[in-house]
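# Analysis of the macromolecular model
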Amino acid sequence: MQSLRDTWLLFKHYLTMTMRNPVMVIVGLFQPVVQLLLFAPLLEPIAGTEGFPEGGAIGVFTPGLLVMLGITGSLFVVFGFIAELRAGVLERMRVTPLSRLALVLGRLLRDVTMLLLQALVLVGVAWLMGLRADPAGVALSLLIVVLLGLLVSSCSYAVALILQDENTVASLLNFLILPILLLSGITLPLTLAPDWIRNVAGVNPFAYAVDASRALFIGQLEHPAVWQGFAVMGVLSFLGVFWAVRSFRQGVA
Amino acid sequence: MIILETKELAKSFRVRGRLVEAVKGVTMNVQAGEIFGFLGPNGAGKTTTMRMLTTLLKPSSGQATIAGIDLLQHSRQVREKIGYVSQAGGAEGACSARENLILQARFYGITPHDANVRANELLAALDLEQIADRPSSSYSGGQRRRLDLALGMVHKPKLLLLDEPTAALDPQSRAWLWAEVRRLNAEGTTIFMTTHYLDEADALCQRLAIIDDGRIVVEGTPDALKRQIVGDTITLGLQFQPEIGHTVQDLLQQQSYIHSLEYAEQTIRLVVDRGSEALPLILRLIDDANVQVQTVELSRPSLDDVFLKQTGRSLRESAN
């Protein structure tokens, strides 16, 4: 009970803070929207080629961008967090009787809420550009994005607690982000890729999220990629949150 | 009544496969109602001890009881009893003092209405009303420190732990903080504070413990600790007169109240029992010998001398 109360308290607090300075939220949306406006049209000519998945250029690209938003947007929560660590804000909270679980869940809930808002805007823009997707499928793929956001945010916090330094985190992100995005088949579907890239992507959990979202967008709710995507994201996000909770419980400088 | 008690409280870390004993065993007790100073050079284990007492670090071994509650078994209950102001402070810069205080009160389960009342009380008490609704990132160092202190006091804790409360403060804010600590203490709050300023420990603390290399080397009132150091020091600067210097030296060595004497160049350094009584006698002797005294300095034993005696090192040197 106390955990719930504290989670709600912290969620409201963090949400207020984000709303007061929503720059990061807008910046986070900027890249996927630009991709949608300037890159999706480039896909039109190849949307008809063999190996390109069903759904047309925008129908294939939008679910990919949702996953990209979930990855990049959630990774960048660490910068605010490290600044907070340095100012001793988290330490101050840890000396109060606040539930340890709430310290993590309050933040994650805020992150996921903002991600959901961004995702809705992105889908809205895609709709204006002619996207006609299955509404139930879109709703379910937003759920996948939420799980993905939970996973990436909680891992980011856990890593930030280990590294505790913006510069190290920034280089680590730069190092990871491009291969993750390329191997998820976000910009160009992996069905176009040679076998070896497809094999490597097979161990990339984000590729599962992309495949599931694409199937959902065209209304194939029973496609095997859907349950696989939910399973992979569900298990990993649970493990991620568990890791973050453990890290918050233990040493925080 | 004892409000904080530790027995052989220790913490070791594993750093690159090597075991580092940050705190080897701290045994002390703090009485309810006192201002207790925890003194020591950087790296002595002060901060690690503070972090264990505030439940931020789990001790490797030993015991601690705070307000009658076992620290290792019931850290959550301990958190309800203590207030803590870290060196960094930890106020949310984007929020105003009022918002920070209300939120902090809510952390302790105080109702929104009562949190609001308490915030107003603290804003008035710490003279923050004028700036109460500005973002705290715009505050001066002193204002910020006042907010930090208010945040630690929001739930009226019996024991307030302050980590280096005056580090990096301007003299005016420092004086204000001393007064505030005394006021809180007079109102019944027990204060446990770390510091590496000797004058601060001396002026503010009723009792103190000195930690060095992970262990308490000495504990007591500042006066009792200083009394362990024998005598006051008198330093005389004489006008340069080669032979006469030795005359004075011979003369002073005959006086029974002088414990030791060092003579170098034009300076004589004496250790005596009661400096203020010995000084007129010594000056008269030298005057009778027709030697001119140019400078006189009388120094009482400081906590630095205590530290020097206990550890063989000067605290000022160790701190750097």
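Calculation rules
Residues numbered from 1 in each chain as written. Chains lettered and ligands numbered in written order. Predicted model: local features only at pLDDT ≥ 70, side-chain atom pairs only at ≥ 80, totals over all residues. Helix = DSSP H or I, 4+ residues; strand = E, 2+ residues; numbered from the N terminus. Rg over C-alpha atoms; globule rule 2.2 N^0.38 Å. Buried ≥ 20, exposed ≤ 12 C-beta atoms within 10 Å, placed from the backbone. Contact = placed C-beta atoms within 7 Å. UniProt positions renumbered as here; feature names shortened; annotations may be inferred. pLDDT = per-residue confidence, 0-100. Core = buried A, V, L, I, M, F, W, Y, C linked by C-beta atoms within 7 Å. Axes fitted to C-alpha atoms, helices over the stretch in contact; angles between N-to-C directions. Parallel < 35°, antiparallel > 145°, perpendicular 65-115°, else oblique. Left-handed = near helix turned anticlockwise from the far one by under 90°. Nonpolar A, V, L, I, M, F, W, Y, C, P; charged D, E, K, R; others polar. Expected span 1.5 Å × (residues − 1). Arc of directions from axis to C-beta.

## Description of the overall build of chain A
Along the backbone of chain A there are eleven helices and zero strands. Written out in order from the N terminus, the α and β elements of chain A read α-α-α-α-α-α-α-α-α-α-α. Taken against the 2.2 N^0.38 rule, which gives 18 Å for 253 residues, the C-alpha radius of gyration of chain A at 19 Å falls within 12% of a compact globule. Over its C-alpha atoms, taken along the principal directions, chain A stretches across nearly 60 × 35 × 30 Å. Within chain A, buried positions represent 45% of all 253 residues. Counting only contacts in chain A whose residues sit at least 6 apart along the sequence, the fraction spanning at least 24 positions is 83%.

## Quick word on the environment of G40 of chain B
Residue and element names in this part refer to chain B. When you line up the elements, G40 lands in the loop between β3 (35–39) and α1 (46–53). Judged by C-beta crowding, with 27 C-beta atoms within 10 Å, G40 ranks as buried. Considered as a pair, G40 and L177 are 137 residues apart in the sequence and their alpha carbons are 20 Å apart. Discounting chain neighbours no more than four positions away, the residues touching G40 are K46, H196, I210, I211 and D212.

## What to know about the UniProt feature "transmembrane region" (unreviewed entry) in chain A
Residue and element names in this part refer to chain A. This chain's UniProt record puts "transmembrane region" (unreviewed entry) on residues 21–43, 63–87, 108–130, 136–160, 172–192 and 225–245. For the annotated span residues 21–43, helix accounts for 91% and strand for 0% of the residues, and the straight-line distance between the end C-alpha atoms is 35 Å. In the segment residues 63–87, helix accounts for 92% and strand for 0%; the C-alpha atoms at its two ends are 38 Å apart.

## What about the confidence of the model for chain B?
Residue and element names in this part refer to chain B. Chain-level pLDDT for chain B is 88 on average; 96% of the residues reach the 70-or-more range. Averaged pLDDT values for the elements of chain B fall to 56 in helix α12 (residues 315–319) and rise to 96 in helix α3 (residues 97–107). Scored as a complex, the prediction yields pTM 0.83 and ipTM 0.85.

## A closer look at the nonpolar core
V67 of chain A together with A150 of chain B are the most contacted members of the largest nonpolar core, which totals 142 residues. Of all the elements, helix α7 (residues 135–163) of chain A adds the most residues to this core, at 14 residues. Setting aside anything within four residues of it in sequence, one finds V67 of chain A in contact with V145, L148, S184, I186, F206, A209, V210 and S213 of chain A. Counting nine residues, the second largest nonpolar core, distinct from the first, contains V248, L270, V272 and I282 of chain B.

## What about unusual backbone geometry?
All names here are of chain B. Of note, K156 is a non-glycine position whose phi angle comes to about 50°, a positive value. Structurally, K156 is set in the loop between α5 (141–153) and β7 (159–163). At E164, a residue that is not glycine, the phi angle is positive and equals roughly 45°. Assignment of secondary structure puts E164 in the loop between β7 and α6 (171–186). Overall, E164 belongs to the partly exposed group, with 19 C-beta atoms counted inside 10 Å.

## Things to note about the packing of α3 of chain B against α5 of chain B
Residue and element names in this part refer to chain B. As a packed pair, α3 and α5 sit with axes 9 Å apart at the nearest point and diverge in direction by 20°. Between α3 and α5, the interaxial angle falls into the category roughly parallel. The two elements α3 and α5 cross, and the hand of that crossing is right-handed. Touching A97, N100, L101 and Q104 of α3 are L147, A150 and L151, all from α5. Of the residues that constitute the contact of α3 with α5, the class distribution is five nonpolar, two polar and no charged.

## Digging into the environment of R214 of chain A
When you line up the elements, R214 of chain A lands in helix α10 (residues 205–217). Sequence separation between R214 of chain A and G59 of chain A is 155 residues; the distance between their C-alpha atoms is 7.6 Å.

## Examining the interface of chain B and chain A
Contacts between chain B and chain A engage 20 residues on the former and 17 residues on the latter. Secondary structure elements with two or more residues in the side of chain B that touches chain A: α2 (75–81) and α3 of chain B. Here the residues of the side of chain B that touches chain A sort into nine nonpolar, six polar and five charged.

## A closer look at helix α1 (residues 2–20) of chain A
For α1 of chain A, with 19 residues, the first-to-last C-alpha span of 27 Å sits near the 27 Å given by 1.5 Å per residue. For α1 of chain A, the full list of buried residues reads D6, T7, L10 and H13 of chain A. All buried residues of α1 of chain A fall inside an arc of 135° around its axis, so they share one side. In α1 of chain A, those exposed residues whose orientation departs by more than 90 degrees from the buried face are L4 and M19 of chain A. Packing partners of the buried residues in α1 of chain A comprise α6 (100–128) of chain A together with α3 of chain B.

## Examining the UniProt feature "domain: ABC transporter" (unreviewed entry) in chain B
As annotated in UniProt, the feature "domain: ABC transporter" (unreviewed entry) corresponds to residues 4–238 of chain B in the numbering used here. Along residues 4–238 of chain B the backbone is 35% helical and 31% strand, and the end-to-end C-alpha distance reaches 52 Å.

## Focus on α3 of chain B
The buried fraction of α3 of chain B amounts to eleven of the eleven residues, a majority that puts the element mostly inside the structure. By the burial criterion, the buried members of α3 of chain B are A97, R98, E99, N100, L101, I102, L103, Q104, A105, R106 and F107 of chain B. If you follow the buried residues of α3 of chain B, they end up packed against α1 and α5 (89–94) of chain A together with α4 (112–125) and α5 of chain B. Immediately downstream of α3 of chain B, the backbone of G109 of chain B shows phi near 80°, a positive value.

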